[in-house]
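# Observations on the three-dimensional arrangement
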Amino acid sequence: MSSKAIAIVSVSVLVIVCFWFFYWNAPIAKDNLEFQVVESKFPLVNKTASTLDSDIVENQSHKPIESHILGHEDLPTKLPIVADKKDFVDLEDAWCIPSDDLRIEDQDFVAALQNDWMEYSGVAYIKQNDAVYDDDQNHPNNVFVAPYQEMPIEEIKDLTLLGDKWAMIAFLQKSTMDYRDEQYAAAMNLLAIGASYHAIEYLIISELASAKTSFRRTKTLDKSREHMINAVAYTIYGLNELNISALTAYAGNISQDELFQGVLNPSLTLADAQGDISIRYETLLRDIKEARQAQGISPQDPPEEVKKLFARDIASFKFRRKEAMEQLYTALAPSHLSTDNTECVDRHINNLRIIKEQMASLK
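A quick note: this is a predicted structure, and the numbers were derived from the prediction, not measured.

Turning our attention to the overall build of the protein. The helix and strand tally for the protein stands at 18 helices and two strands. The buried share of the protein, taken over its 363 residues, is 52%. In the protein, the share of contacts with a sequence separation of at least 24, taken over all contacts with a separation of at least 6, comes to 74%.

Let us look at the pattern of salt bridges. Per the stated rule, a full pass over the model turns up nine salt bridges. Between Arg103 and Asp90 there is a salt bridge, with its nearest N and O atoms 3.0 Å apart. Here Arg103, found in the loop between helix 4 (98-101) and helix 5 (104-121), pairs with Asp90, found in the loop between helix 3 (68-71) and helix 4; they are 13 residues apart in sequence, far enough to count as distant. Among the ionic contacts, a cluster of salt bridges with common partners joins Asp100, Asp101 and Arg347.

This structure, assessed with the given rule, holds four aromatic pairs. Here the aromatic rings of Trp117 and Tyr120 are separated by 5.1 Å at their centres, their planes lie at 40°, and the arrangement is tilted. In this pair, Trp117 and Tyr120 both sit in helix 5, three residues apart, roughly one turn of the helix. The same class applies to Trp117 as to Tyr120, namely buried.

Here we come to helix 18 (residues 342-361). Counted at 1.5 Å a residue, the expected span for helix 18 with its 20 residues is 28 Å, and the 28 Å between its end C-alpha atoms agrees. Every buried residue of helix 18 is listed here: Cys344, Val345, Arg347, His348, Ile349, Asn351, Leu352 and Ile355.

Taken N-terminus to C-terminus, the directions of helix 10 (residues 197-218) and helix 12 (residues 244-256) make an angle of 20°; their axes are 7 Å apart at the nearest point. One finds that helix 10 runs roughly parallel with respect to helix 12. For the crossing formed where helix 10 meets helix 12, the hand is right-handed. Residue-level contacts link Tyr197, Ile200, Glu201, Ile204, Ile205 and Leu208 of helix 10 to Ile244, Ser245, Ala246, Ala249, Tyr250, Asn253 and Ile254 of helix 12. Broken down by class, the residue content of the contact of helix 10 with helix 12 amounts to ten nonpolar, two polar and one charged.

On to the packing of helix 16 (residues 304-320) against helix 17 (residues 322-331), then. Relative to each other, helix 16 and helix 17 sit at 115°, their axes nearing to 5 Å. Taken together, helix 16 and helix 17 sit at an angle that is classed as roughly perpendicular. Within the contact between the two elements, helix 16 uses Ile314, Phe317, Lys318, Phe319 and Arg320 and helix 17 uses Lys322, Met325 and Tyr329. Its residues placed into classes, the contact of helix 16 with helix 17 shows five nonpolar, no polar and three charged.

About the criteria used
- Residues numbered from 1 in each chain as written.
- Predicted model: local features only at pLDDT ≥ 70, side-chain atom pairs only at ≥ 80, totals over all residues.
- Heavy atoms only, no water.
- Helix = DSSP H or I, 4+ residues; strand = E, 2+ residues; numbered from the N terminus.
- Buried < 20%, exposed > 50% of the residue type's maximum accessible area, 1.4 Å probe, protein only.
- Contact = heavy atoms within 4.5 Å.
- Salt bridge = Lys/Arg side-chain N within 4 Å of Asp/Glu carboxyl O.
- Phe/Tyr/Trp six-rings, centres within 6.5 Å; stacked < 30°, edge-to-face > 60°.
- Expected span 1.5 Å × (residues − 1).
- Axes fitted to C-alpha atoms, helices over the stretch in contact; angles between N-to-C directions.
- Parallel < 35°, antiparallel > 145°, perpendicular 65-115°, else oblique.
- Left-handed = near helix turned anticlockwise from the far one by under 90°.
- Nonpolar A, V, L, I, M, F, W, Y, C, P; charged D, E, K, R; others polar.

Set out below in structure tokens:
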């Protein structure tokens, strides 16, 4: 082989490897969250601290999640190995990937909309312990919660009772067994005001943890099934609010936890549960609506442009956590999802599949 041919092959390999590295290391959601345990209130299935498994109680650290929706990263599909160059389209037309489909000024506009939605949704991560000296890159929007992160938790709790949005968000990220009722109330209040990102994550993790605890105590599936139905109802709500934290909390943990891969596998516990999940989801919507009416709150709807960006997160989980996502979509009623942009999701998945095949061919 000539030196020119070797150089061409080397460059091709480098391009594919760099593309693969960039795609999988773009800030998408980490799905290795550890469980937090709180009182379950939806429905009312309460536990005292003495009934909780000690290994779960001790393992409550709340880790920041990196997500595509946090980093404004687009799929870099301009590389010829993935997609041909396309003409730009207008924002009002059909598009999926800003860096491929939109002009620079429209990309900037979409990024600004995404920033606004992140702030409205309450995306902000506190820094705890030694992390207070970390760079803000792994703690998106820390500026909003920085004033609370070193406060005594009692003071943060008092501020949540006054309706301080960012105090409530910081409060949910604090590990505590003393204020479970207050944290649950803060989470539900955040749902009412539209700041659902951390609230929905907290509620899903709590239900999954309670499902595990119930099984360990009773060795039966009845209570665990109730908690998992609740978790799916919360997940549906989170998806409709464009919260990638919902999939991180649900699909990430379902995919990696031994109990959820075994006896609590959703294929078993959620078999024929679609009707029950629909009832719980509708109950959740009703409760949030009533809370908003009582407080005179008019919620914002997610911008259509940000919904299109969210397709990349859905695609990533469908590609990387295929079994958990198939189980989730089997359990829920498709009519409840308002953010499942099938065309864009399929396009992202196809890109991922092509990249994977390109990498395999180099081995």
